[in-house]
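Here is what each chain is made of, one letter per residue.
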Amino acid sequence: MSTYHQDKEQKNILKIRELQKDLPPFVAEFFRNKADYTSSQTRLAYAYDLRLFFNFLVNEIRDIAADNVDNFTLEHFGQINVAHIEEFMEYLSYYVSSDGSGKGKARGVQNKLDGKSRKLSAIRSLFAYFYKKGKVPANPAELIDTPPQKEKAKVYLDVDEIANLIDAADNGSNLTKKQKDFHAYTRSRDVALLSLFSGTGIRVSEAVGLNISDVDVDRGSFKVVRKGGNEAILFFNEEIEIALREYLEIRLATQAKEGHEEALFLSIQNQRLGVRSVQNLVKKYSTLADSLKKITPHKLRTSFGTNMYRQTGDIYLVADLLGHSDVNTTRKSYADDKQEAGRRAVRNLRLRNED
């Protein structure tokens, strides 16, 4: 595992331990068990969500006699019923807090359906663990319906639209004067990044974690650390090879700041490029290339999956390329053929008769 990913893993673990201090003592057993089966990022999300849940139980539920989180025992946990969890789900619609812990300056917080679903998932996981161990008499979380998810229109770019996006990064036309000043330094980096997203389906977290030593331009491949810490080898085409060679020539001549010497993609400050910076640069160029579509690094990943599936018809191959362990996840990553059929039909529609 690269230094970048090791550092991120260590920071997550330390943050989880810190958050566990705000959770009932018995929950530590759950996190020890999950350490072998989940990523640190997943456990960190669990810690935040469960902290909010237990603070709600202590402060809002009167028939559970625990006056603070430290005194919240497994016996109290076993008293939780369906109504309590449903009250919590309703509470998530809007509550006032600083960060979910009740500390600090108050602010209003609203959870949408996906936020509610994530928190319910954490509660279900916690109940499932202790119910399986025989330490609670029931699992009420399993009786709670998952909040319905609204069907979102699938947004992806076809090959021509991807070309327009990369061209926007390459020529820098329509940029403001200030943006053009930065573009002189970032053009080759941005073209290489956009090409990687569009041509390999790499995740933004994987891209910012790349080191120079991970890339083998001669063999047209590079190594990434997938979710869960597994390593994988991905391949790229000649267009990406050209973009990477041009960028690497500049990158190898650049002195990175201490601690960032291994990083492949650097910021203007010569530090490892961050996720937010990558999201912003994709947004900048996508606005120039197509103002109607809200393009993100993940949408470029979805576009890769969609275009690869249409070229190969092999959903299992696409799942492997995207790093999905479940092929059903992949099915949600490419646009429905009906959408493409509708697009072709509308393009061929004639509004006026031609003489």
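Residues numbered from 1 in each chain as written. Predicted model: local features only at pLDDT ≥ 70, side-chain atom pairs only at ≥ 80, totals over all residues. Heavy atoms only, no water.

Chemist: Please give an account of helix H6 (residues 113-132) that cites residues and values.
Modeler: With 20 residues, H6 extends 28 Å from end C-alpha to end C-alpha; this agrees with the ideal 28 Å at 1.5 Å per step. Two residues or fewer past H6, Gly134 is found with a positive phi of approximately 75 degrees. (Helix = DSSP H or I, 4+ residues; strand = E, 2+ residues; numbered from the N terminus. Expected span 1.5 Å × (residues − 1).)

Chemist: An account of the environment of Ala163 is needed here, citing residue identities and associated values.
Modeler: In this fold, Ala163 is placed in helix H7 (residues 159-171). Placed 126 residues apart in sequence, Ala163 and Ala289 show a C-alpha to C-alpha distance of 9.2 Å.

Chemist: I'd like a rundown of the sheet that holds strand E3 (residues 215-216), residues and numbers included.
Modeler: The 3 strands are arranged E3-E4-E5 in an open sheet whose pairing can be described as antiparallel. Where the open sheet ends on each side, the last strands, each with one partner, are E3 and strand E5 (231-235). Sheet analysis places E3 next to strand E4 (residues 221-225), joined by 2 bridges and oriented antiparallel. In the strand pairing of E4, Asp216 is matched with Ser221. (Pairing = 2+ DSSP bridges.)

Chemist: Provide a residue-level description of the nonpolar core, including the pertinent values.
Modeler: By size, the foremost hydrophobic cluster in this structure holds 42 residues, and its most contacted members are Leu194, Phe197, Phe222 and Phe265. When contributions to this core are tallied by element, the ones reaching two or more residues are H7, helix H8 (177-200), helix H9 (204-208), E4, helix H10 (238-252) and helix H11 (275-289). In terms of residues, this core owes the most to one element, H8, which gives 6 residues. Every residue in contact with Phe265, bar those within four places of it in the chain, is listed here: Arg189, Ala192, Leu193, Leu196, Ala207, Leu210, Tyr247, Gln271, Arg272 and Leu273. By size, the runner-up hydrophobic cluster in this structure holds 41 residues, among which are Phe56, Val69, Ile85 and Phe130. (Core = buried A, V, L, I, M, F, W, Y, C linked by side-chain atoms within 4.5 Å. Buried < 20%, exposed > 50% of the residue type's maximum accessible area, 1.4 Å probe, protein only. Contact = heavy atoms within 4.5 Å.)

Chemist: Give me the lowdown on helix H3 (residues 40-60), citing residues and values where you can.
Modeler: For H3, with 21 residues, the first-to-last C-alpha span of 30 Å sits near the 30 Å given by 1.5 Å per residue. Among the 21 residues that make up H3, 15 are buried, leaving the element largely enclosed by the rest of the structure.

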